[in-house]
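Geometric and topological summary
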Amino acid sequence: MKPVVAIVGRPNVGKSTLFNKLIGERAAIVKDVPGVTRDRLYRDIEWSGHEFLLVDTGGLEPNTKDYIMSKVRYQAEVAIEEADVVVFIVDGQAGVTALDEEVAYVLRKKNKHVILAVNKIDNLEKHSELVYEFYGLGFENFIAISGEHKQNLGDLLDLVIEKFKDIELIEEEEGLRIAVIGRPNVGKSSLVNKLMGEERTIVSNIAGTTRDAIDTKFEYDGNSYVLIDTAGIRRKSKVEESLEYYSVLRAIKSIKRANICFVLIDSKEGVTDQDKRIAGLAFEEKKPIIIVINKWDLVKKDNYTMKDYEKEVKDQLPFLSYAPVIFISALTGQRVLKLIEKSEQIFAEYTKKITTGVLNQVLKEAMMLNPVPTRKGRVVKINYATQIRTAPPKFVLFANNPDLLHFSYLRYLENKIREAFGFEGSPIEFTVRRKG
Ligand code: GDP
Ligand code: GDP
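This report concerns the structure included in the present document. (Residues numbered from 1 in each chain as written. Chains lettered and ligands numbered in written order. Predicted model: local features only at pLDDT ≥ 70, side-chain atom pairs only at ≥ 80, totals over all residues.)

What follows deals with the packing of helix α13 (residues 356-369) against helix α14 (residues 407-421). Here α13 crosses α14 at 130 degrees, and the two axes come no closer than 10 Å. The angle between α13 and α14 places the two elements in the oblique class. Viewed along their axes, α13 and α14 form a crossing whose handedness is right-handed. For the pair α13 and α14, contact is made by V362, L363 and A366 and by L413, K416, I417 and A420, respectively. (Axes fitted to C-alpha atoms, helices over the stretch in contact; angles between N-to-C directions. Helix = DSSP H or I, 4+ residues; strand = E, 2+ residues; numbered from the N terminus. Parallel < 35°, antiparallel > 145°, perpendicular 65-115°, else oblique. Left-handed = near helix turned anticlockwise from the far one by under 90°. Contact = placed C-beta atoms within 7 Å.)

The strands making up a sheet are joined through hydrogen bonds of the backbone, oriented either antiparallel or parallel. Strand order in the open sheet formed by three strands is β14-β15-β16, with mixed pairing between adjacent strands. For this open sheet the edge positions go to β14 (382-389) and β16 (429-434), each flanked by a neighbour on one side alone. Between one strand axis and the next, the sheet turns by 25 degrees as a mean value, whatever way the strands run. Of the strand pairs in this sheet, strand β15 (residues 394-399) and β16 are connected by six bridges, and their pairing is parallel. Each bridged residue has a counterpart across the sheet, and for F395 the counterpart in β16 is F430. (Pairing = 2+ DSSP bridges.)

Along any regular strand the residues' side chains alternate between the sheet's two faces. The buried fraction of strand β7 (residues 176-181) amounts to five of the six residues, a majority that puts the element mostly inside the structure. Bridge analysis of β7 against strand β10 (residues 223-227) gives three bridges, and the strand direction is parallel. When the bridges of β10 are listed, L176 appears paired with Y225. Taken together, the four bridges between β7 and strand β11 (residues 260-266) define a ladder with parallel strand orientation. In the sheet register, I178 faces β11, and the bridge partner there is I260. (Buried ≥ 20, exposed ≤ 12 C-beta atoms within 10 Å, placed from the backbone.)

Its location among the elements puts L195 in helix α6 (residues 188-195). Residues L195 and L339, 144 residues apart in the sequence, show an inter-C-alpha distance of 9.9 Å. Once residues within four sequence positions are removed from consideration, L195 is found in contact with F218, L227 and V336.

Another point: the site of ligand 2. Lining the immediate environment of ligand 2, one finds 16 residues, of which G187, K188, S189, S190 and L331 sit closest. No other element matches α6, which puts three residues into the shell around ligand 2. Residues belonging to the shell around ligand 2 are distributed by class as follows: six nonpolar, seven polar and three charged. (Near = placed C-beta within 6 Å. Nonpolar A, V, L, I, M, F, W, Y, C, P; charged D, E, K, R; others polar.)

So, on to the sheet that holds strand β3 (residues 50-56). Read from one edge of the open sheet, six strands run β2-β3-β1-β4-β5-β6, paired in mixed fashion. Edge positions in the sheet fall to β2 (42-47) and β6 (142-144), since each has one partner strand and no second. For this sheet, the mean angle separating the axes of adjacent strands, direction not counted, is 25 degrees. Of the strands in this sheet, β1 (4-8), β4 (85-91) and β5 (113-119) are in contact with helix α3 (residues 98-110), which crosses β4 at around 165 degrees. Sheet strands touched by helix α5 (residues 153-164): β1, β2, β3, β4, β5 and β6. Its angle to β5, the strand with the most contacts, is close to 170 degrees.

If you look at soluble globular proteins, the nonpolar side chains tend to sit buried side by side. Of all hydrophobic cores here, the largest spans 88 residues; its most connected members are V5, F88, I181, V263, I291 and V292. In this structure, F88 is in contact with V8, G9, V103, L107, V114, I115, L116, A117 and F139, ignoring residues within four places of it in sequence. (Core = buried A, V, L, I, M, F, W, Y, C linked by C-beta atoms within 7 Å.)

Glycine aside, negative phi is the norm for most residues, and most peptide bonds take the trans geometry. The residue after A391, namely P392, is reached through a cis peptide bond having omega -5 degrees. Examined against the element boundaries, P392 turns out to sit in the loop between β14 and β15. Positive phi values are uncommon outside glycine, yet S48 reaches one of about 35 degrees. Mapped onto the fold, S48 is located in the loop between β2 and β3. In this structure S48 comes out as exposed when scored by C-beta crowding, with 8 C-beta atoms within 10 Å.

See the structure below:
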């Protein structure tokens, strides 16, 4: 599990600038998943062999001039809650302000690992004395930087990584790790409660990496399961939840630790934009997914069949065409156990390995049925394919002219592979390499 590092500070100290410089060219280019990549406030970062999730809180600030102090404090609290390490940014040119004190107060109270970065020290030699007054904020780890001019950013990252040593990472328990995700009120906590219901024994509570993330292990039909961040799902704070940022960050943390994701949709509401964004997160992380249509007890079934409904959902979430759709009622428990059984199946698909011989047979037939189109007068020939990885399944195709192999043809091959081998609920990846 990757640690989370949040960039925190009052408005205009340079949080977003720093975030953008740190992600730099690493910014992932992701195809059309609705809304997820635009305005994204978090990114996977790697620095000298350590991976972590970097979160920018700059985008959280309202654009009003009359900025309310309590608001700053609240935003900071939300971000800090989720972070393992906090990079606290102040403006070295402006000096210490009341808002800085406010943020510092929250950070000390939460007892987090903090690195104080005095920003806008564009010229280290000339302006180093500006740094001293910030000692008063009371943080041990201290560095002068310039986000804009990329001064000392490597040293800053070194300090961040140094902190990871202090964070104890949990040992992963046996069993499928399930993330229950969805926007507020879709029924996440109802489902979690149902899954932890009397029929099953709750084996233990597993302490998470932070004090806040408590997972729950339960057993069903001889198998163990871990519900990720049970405490977070059940602990209700409507104010926190109503911040979309908060639910998204919470979801992404859970998804990263999961090996299967339940994307909950409220059947009365249908698929909303926020649902699409949250589903997009699970898609981006390449996790196996089950789309769970909850509150099915509330839907009149006379003329609205599951099949119609499923089609509508799939139209709204085209990038999840491979995910099964299960209709449940977290309230009555209808099909909740089926959901668990389905999880086992989906996970088996996700970790399945196809033998090279059979794979090539299927691809050969597919190419006979629908030959690879020539492009720019040149023939593209796929000679050979093999599955190089599971979880998620990844295939490498060897072709004479890899660059000419069109995306839509890979789609076609993907469909043929799914027809032959299933891989229900699981994304499939391809790479094409040059050979002969
Ligand atoms: P945020 O509100 O904390 O996210 O701050 P921004 O990243 O939007 O930056 C606020 C302002 O400070 C912008 O005008 C930036 O160009 C400027 N700024 C950010 N970093 C530096 C820096 O290292 N040096 C100087 N001189 N200005 C900076
Ligand atoms: P969360 O915010 O996603 O954790 O959602 P909750 O579990 O708190 O549920 C929100 C509301 O929907 C509550 O009033 C629940 O009682 C209700 N609810 C949840 N699941 C169902 C269901 O399957 N059927 C019906 N009728 N109501 C449900």
